[in-house]
Amino acid sequence: MSKPKKNSSIIEKIEPSFVLVDIIMMGFMSYQYFSVWFSPHLVDPNRIFQMAGLMGFEFIMIHSGVFMAVMPRKISLLIFVPAYGLFAWAFNSIIGGDNIVAYIYLIAVFNRMRFAFFNVNGDLRSQQILRSAYAAITYFFLLIGVAIGSSIVPEFGLNDENLTRIGYDEAKTHGGIFLDEPQTAICLGAIYYFALALYGLPARWFWKTIPKV
């Protein structure tokens, strides 16, 4: 006698909505980075500093999706969620300035952590692990690319003249290649988030093919 089919959990039923939200959020983040890259005079210099620093912070947060997907729920809730929350608080305290992009980013991170709060099936967990692995690989390849090729990364609007005119040097409170040469971090963010948005499109199609329970 075959076992009755297990009902889908809440997270599995609303997963297509999460995927759609993720596509929109990643697309919006990419748009923000491209906008700053081409037209930095339209934003506060603190926003440029914040967005450049955000890509350094992503180096820490890139692992969150994998950890939240593979670790038992209790460990995720007791260890990883508070730890990443502390990192997020520290980042926001250091970067300061306009918090809009930071809030959007934190929503995106919470979206990654959703598997820490629910028991989900193996297929859904595998999808999350694959996405997290894709994000990590994409980030590290782009990071190496902009670091090695920083001298040839197009400045567009982020040239010395524009940065001086809008007061970026006064807004910058920390150093490093991402902050001293913000076009590297902004280029990384624009391409990275665009790549994540593109990855979500096949996932969105995948969930449409799953029969409704």
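Here the structure is shown first, and the text comes after it.
Reading the values: the criteria
- Counting restarts for each chain: residues are numbered from 1 in the order of the written sequence.
- Reporting in this predicted model follows two pLDDT cut-offs: at least 70 for local features of residues, and 80 or more for side-chain atom pairs to be given and counted; totals over whole chains, interfaces and linings ignore these cut-offs and use all residues.
- Side-chain descriptors were evaluated using all non-hydrogen atoms of the structure, hydrogens and water having been removed beforehand.
- Here a strand is any run of E in DSSP of at least two residues, a helix any run of H or I of at least four, and the numbering for each starts at the N terminus.
- Axis lines are fitted to C-alpha atoms, over the contacting stretch for helices. Their N-to-C directions set the angle, which ranges from 0 to 180 degrees.
- The cut-offs work like this: below 35 degrees is roughly parallel, past 145 is roughly antiparallel, 65 to 115 is roughly perpendicular, and the gaps in between are oblique.
- A crossing counts as left-handed when the near helix is turned anticlockwise from the far one by less than a right angle, and as right-handed when that turn is clockwise.
- Whether two residues touch is decided by their heavy atoms; if any such pair falls within 4.5 Å, the residues are in contact.
- Each residue gets one of three labels, nonpolar for Ala, Val, Leu, Ile, Met, Phe, Trp, Tyr, Cys and Pro, charged for Asp, Glu, Lys and Arg, and polar for the others, Gly among them.
- Exposure is judged per residue with a 1.4 Å probe applied to protein chains only, and the accessible area is read against the type maximum: over 50% gives exposed, under 20% gives buried, and values in between give partly exposed.
- Think of a nonpolar core as a cluster: buried Ala, Val, Leu, Ile, Met, Phe, Trp, Tyr and Cys residues, connected wherever their side-chain atoms sit within 4.5 Å.

Examined against the element boundaries, Tyr84 turns out to sit in helix α5 (residues 73-95). Tyr84 sits 23 residues away from Met61 along the chain, and the two C-alpha atoms are 7.2 Å apart.

Contact pair helix α2 (residues 15-38) / helix α3 (residues 45-61): the axes reach a minimum separation of 11 Å and the direction vectors enclose 125 degrees. By the angle class used here, α2 and α3 are oblique. Of the two elements, α2 crosses α3, and the hand of that crossing is left-handed. Contact residues: α2 offers Met29, Gln32, Tyr33 and Val36, while α3 offers Arg47, Ile48, Met51, Leu54 and Met55. Each residue belonging to the contact of α2 with α3 can be placed in one class, and the counts come to seven nonpolar, one polar and one charged.

This part is about unusual backbone geometry. We note that Phe156 has phi near 50 degrees; this positive angle belongs to a residue other than glycine. Tracing the chain through its elements places Phe156 in the loop between α7 (122-148) and α8 (160-166). Assessed through its relative accessible area of 41%, Phe156 is described here as partly exposed.

Here we take up the nonpolar core. Core analysis: the largest hydrophobic core is formed by 41 residues, its most contacted members being Tyr33, Met55, Tyr139, Phe178, Leu188, Tyr192 and Tyr193. Within the residue set of this core, elements represented by two or more residues are α2, α3, α5, α7, α8, α10 (177-180) and α11 (182-208). Ranked by residue count, the leading element in this core is α11, at nine residues. For Tyr139, the contacting residues outside a window of four places in its chain are Met55, Gly56, Glu58, Phe59, Ile62, Phe178, Leu188 and Tyr192.

Function cannot be inferred from these measures alone, as they are strictly geometric.
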